[in-house]
Amino acid sequence: MNRLKGKVAIITGSGSGFGRDTAELFAKEGAKVVVADMNREGGEKTVNKIKEAGNEASFVQVDIRNIDECQTMVDFAVDTYGALDVLYCNAGIPGDLFYDVAHMSPENVRRVFEVNVFGTWNCIHCAAPVMVMKRKGSIIATASSAAWYGADSAYAPTKGAIACMTTSVANELGRYNVRCNSISPYMAMTEAFHEMEKTEGGRAFIEVTKKYSPIYRLVEPIDVAYAAVYLASDESSSVTAMDIKVDCGTINASGVHELKKRG
Ligand SMILES: NC(=O)c1ccc[n+]([C@@H]2O[C@H](COP(=O)([O-])OP(=O)(O)OC[C@H]3O[C@@H](n4cnc5c(N)ncnc54)[C@H](O)[C@@H]3O)[C@@H](O)[C@H]2O)c1
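Procedures and definitions
- Residues numbered from 1 in each chain as written.
- Predicted model: local features only at pLDDT ≥ 70, side-chain atom pairs only at ≥ 80, totals over all residues.
- Heavy atoms only, no water.
- Helix = DSSP H or I, 4+ residues; strand = E, 2+ residues; numbered from the N terminus.
- Rg over C-alpha atoms; globule rule 2.2 N^0.38 Å.
- Buried < 20%, exposed > 50% of the residue type's maximum accessible area, 1.4 Å probe, protein only.
- Contact = heavy atoms within 4.5 Å.
- Areas by Shrake-Rupley, 256 points an atom, 1.4 Å probe, with all protein chains shown as cover.
- Lys, Arg positive; Asp, Glu negative; His and termini not counted.
- Charge placed at Lys NZ, Arg CZ, Asp CG, Glu CD.
- Near = heavy atom within 4 Å.
- Polar contact = N/O pair within 3.5 Å; in protein donor to acceptor, adjacent residues only side chain to side chain.
- Nonpolar A, V, L, I, M, F, W, Y, C, P; charged D, E, K, R; others polar.
- Core = buried A, V, L, I, M, F, W, Y, C linked by side-chain atoms within 4.5 Å.
- Salt bridge = Lys/Arg side-chain N within 4 Å of Asp/Glu carboxyl O.

**Some details on the overall build of the chain**
Right, so step 1: Of the regular secondary structure elements, the chain holds eleven helices and seven strands.
Right, so step 2: Its C-alpha atoms give the chain a radius of gyration of 18 Å, within 12% of the compact-globule value 18 Å for 263 residues.
Right, so step 3: On the principal axes, the C-alpha backbone points of the chain span a range of 60 × 40 × 35 Å.
Right, so step 4: Each of the 263 residues in the chain was classed as buried or not, and the buried ones make up 50%.
Right, so step 5: The long-range share in the chain, meaning contacts at least 24 apart out of those at least 6 apart in sequence, stands at 72%.
Right, so step 6: Summed over its atoms, the accessible surface of the chain is roughly 12700 Å², and 55% of this surface lies on carbon and sulfur atoms.
Right, so step 7: Here the chain holds 28 positive side-chain charges and 32 negative ones, and the gap between their average locations is 6 Å.

**Looking at the site of the ligand**
Right, so step 1: Around the ligand there are 27 residues in total, and Ser16, Phe18, Asp37, Asn90 and Tyr155 lie nearest to it.
Right, so step 2: Phenylalanine 18 places a polar main-chain atom, nitrogen or oxygen, 2.8 Å from an oxygen atom of the ligand.
Right, so step 3: Burial of the ligand by the protein amounts to 84% of the accessible area it has alone, namely 830 Å².
Right, so step 4: Of the residues assigned to the shell around the ligand, the class counts are 13 nonpolar, ten polar and four charged.

**A word on the nonpolar core**
Right, so step 1: With 37 residues, the main nonpolar core has Ile10, Met73, Leu87 and Ile139 as its most contacted residues.
Right, so step 2: When contributions to this core are tallied by element, the ones reaching two or more residues are strand 1 (8-12), strand 2 (32-37), helix 3 (67-81), strand 4 (86-89), helix 4 (106-134), strand 5 (137-142), helix 6 (155-173) and strand 6 (178-185).
Right, so step 3: In terms of residues, this core owes the most to one element, helix 4, which gives nine residues.
Right, so step 4: With near-sequence residues (within four places) excluded, methionine 73 lies in contact with Ile10, Thr12, Ala36, Val60, Val62, Leu87 and Cys123.
Right, so step 5: Of all hydrophobic cores here, the second largest spans 36 residues; its members include Phe26, Ile206, Val239 and Val246.

**Overview of the pattern of salt bridges**
Right, so step 1: As enumerated under the stated definition, the model contains eleven salt bridges in all.
Right, so step 2: Close ionic contact of aspartate 234 with lysine 7 constitutes a salt bridge, the shortest N to O distance being 3.0 Å. On the criterion of sequence distance, the pair formed by aspartate 234 in the loop between helix 9 (221-232) and strand 7 (243-246) and lysine 7 in the segment before strand 1 is long-range, its members being 227 residues apart.
Right, so step 3: Note on aspartate 234: relative accessible area 41%, which makes it partly exposed.
Right, so step 4: The salt bridge partner of lysine 210 is glutamate 207, with a shortest N-O separation of 3.5 Å. Of this pair, lysine 210 and glutamate 207 both sit in helix 8 (residues 200-210), three residues apart, which is roughly one turn of that helix.
Right, so step 5: Each of Lys7, Lys136 and Asp234 takes part in salt bridges that share partners, so that together they form one network.

Right, dumping it as structure tokens:
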């Protein structure tokens, strides 16, 4: 408890999934949370859950593709809570695993880049001056295991760009005591996966997916939230330009455990 006491944090994409669990945990740890999402219903649901638990949060609607809306989001945090200590750029959209580069439309690629890359950059661009002025801040962004071993040619490069962007921002803002890190989750047991568990085909898919992990499991959204709390807190004050892989070992283990089992 209280690992983020007194801190003001914006979490984009917190109307659902990883972002919602992270917003709830940040608030439980004492942060005042700005729940930022383009989906008002989802965002307000997150705020209600936080308030029901007796903690502090407010909702601001934002489409991170729009830089003016990103500026409004940052102004909202400062006007409402008087500061901005943490920006967690978590909002993102998937690509399309069912098309290869020869068959994917350029519009689809542009759509994913627009949210994942330009959207993340927009948020950091608008939040950075507040942190630079205060000579303190923690910026976190959600990359993905896809950044390190690929997925589809629309999504994976956006996540590679995010990992690279955070290292670059860490270099640019380090002299102002502003840190910047990313988190790379592996596939998570989100609602979609819980639905999948109900069918035989879905269960088979999940079993195959788990095999990539030496600990034979998928990520739970709360696993990502715990990593984000660490990066947001002063416990990680010496950690910057880092990617934390919350991936059940899939990236570094590279499936070698499966080969070993086969002898
Ligand atoms: N779920 C996984 O297995 C997984 C694995 C690796 C990385 N990720 C990444 O984690 C992040 C969160 O994923 P999730 O599974 O929780 O997804 P999700 O779809 O449950 O949540 C994403 C949220 O982002 C919001 N959003 C989308 N576009 C937006 C925009 N333009 N402006 C503002 N908000 C927007 C959505 O409304 C939604 O609430 C994403 O960046 C995703 O790429 C997910």
